[in-house]
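Listed below, chain by chain, are the residues.
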Amino acid sequence: MVHISDSEEKVEALVQFIKFGIVGVSNTVIGYLVNIATIFALRNTDVFWDYFAGNILAFIIGVSWSFYWNNRYVFKLKDGETRNFAASLFKTYMSYGFTGIILNNILSYIWIDMLGISKVVAPLINMIIGVPINFIINKLWAFRSQR
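If you're wondering where the values come from, they're calculated on a predicted model, not measured in any experiment.

A. Region of the structure containing the packing of aromatic side chains. Summed over all chains, the structure comprises 11 aromatic pairs. For the ring pair Phe-20 and Phe-75, a centre distance of 6.1 Å and an interplane angle of 55° mean the geometry is tilted. Pair noted here: Phe-20 is in helix H1 (residues 6-41) and Phe-75 is in the loop between helix H2 (50-74) and helix H3 (85-114), with a separation of 55 residues, a long-range link. Neither Phe-20 nor Phe-75 differs from the other in exposure class; each is buried. Between Phe-67 and Phe-143, the aromatic rings sit 5.7 Å apart at their centres with planes inclined by 25°, giving stacked as the arrangement. In this pair, Phe-67 is assigned in helix H2 and Phe-143 in the segment after helix H4 (122-142), connecting sequence segments 76 residues apart. Neither Phe-67 nor Phe-143 differs from the other in exposure class; each is buried. A connected cluster of aromatic rings, assembled from ring pairs, spans Phe-17, Phe-20, Phe-67, Phe-75, Phe-85, Phe-135 and Phe-143. Taking NZ or CZ as reference, Lys-19 lies 5.0 Å from the ring centre of Tyr-73, over its face.

B. Spatial organisation of the pattern of salt bridges. Summed over all chains, the structure comprises two salt bridges. Among the ionic pairs, Glu-12 bridges to Lys-78, the shortest N-O distance being 2.7 Å. With a gap of 66 residues between them, Glu-12 in helix H1 and Lys-78 in the loop between H2 and H3 connect regions that are remote in the sequence. The exposure class of Lys-78 is partly exposed, given its relative accessible area of 38%. Its salt-bridge partner being Asp-50, residue Lys-119 comes within 3.1 Å of it at the nearest N-O pair. Separated by 69 residues along the polypeptide, Lys-119 in the loop between H3 and H4 and Asp-50 in helix H2 bring together distant segments of the chain.

C. Expanded view of the nonpolar core. Grouped together as the largest cluster of nonpolar side chains are 11 residues: Phe-20, Val-23, Phe-59, Val-63, Phe-67, Val-74, Phe-75, Tyr-96, Phe-135, Ala-142 and Phe-143. Put simply, the parts of the chain that give this core at least two residues each are H1, H2 and H4. Ranked by residues supplied to this core, first place goes to H2 with four residues. Every residue in contact with Ala-142, bar those within four places of it in the chain, is listed here: Ser-88, Lys-91, Thr-92 and Ile-137. One finds Ile-36, Tyr-51, Leu-103 and Leu-107 within the second-largest nonpolar core, a separate group that totals eight residues.

D. Main features of the side chain of Ser-66. Checked against the element boundaries, Ser-66 lands in helix H2. When its relative accessible area of 0% is taken as the criterion, Ser-66 is described as buried. Separated by 3.4 Å, the side chains of Ser-66 and Tyr-96 make a polar contact. In this view, Ser-66 contacts Val-23, Asn-27, Asn-71 and Tyr-96; residues no more than four positions away in its chain are not counted.

So, how was this worked out
- Residues numbered from 1 in each chain as written.
- Predicted model: local features only at pLDDT ≥ 70, side-chain atom pairs only at ≥ 80, totals over all residues.
- Heavy atoms only, no water.
- Phe/Tyr/Trp six-rings, centres within 6.5 Å; stacked < 30°, edge-to-face > 60°.
- Helix = DSSP H or I, 4+ residues; strand = E, 2+ residues; numbered from the N terminus.
- Buried < 20%, exposed > 50% of the residue type's maximum accessible area, 1.4 Å probe, protein only.
- Lys NZ or Arg CZ within 6 Å of the ring centre and 35° of its normal.
- Salt bridge = Lys/Arg side-chain N within 4 Å of Asp/Glu carboxyl O.
- Core = buried A, V, L, I, M, F, W, Y, C linked by side-chain atoms within 4.5 Å.
- Contact = heavy atoms within 4.5 Å.
- Polar contact = N/O pair within 3.5 Å; in protein donor to acceptor, adjacent residues only side chain to side chain.

Shown next as structure tokens:
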């Protein structure tokens, strides 16, 4: 077993966070476009839950996108490490479920219904809060290797 120093672990974690950010930017663009497209698709209806629908559709598409790239690019396995694919996928949906559905919808309600912030701007604010939380959950739980 090769010992990694604390400074090497910190550099590795920083590189992972940067890669997570790159995947996150692409996920953010896709999720934001899906969210806004949903709101605009429902704009001529009498539904009050248009932004909830946008969040949910963005979540489903975004988690699939993020899982693929995080598994393949960000949280790569090292020699001798294994990962249960199904368990990681489930944990990814759970972590994104917390930040992408529960947290986003609570924050959206606060921004839009309580503070009057635009439905177009609210998802951007949510991302600033949710991305760091999601990185920590994914790194420490969803993509943790099994030695």
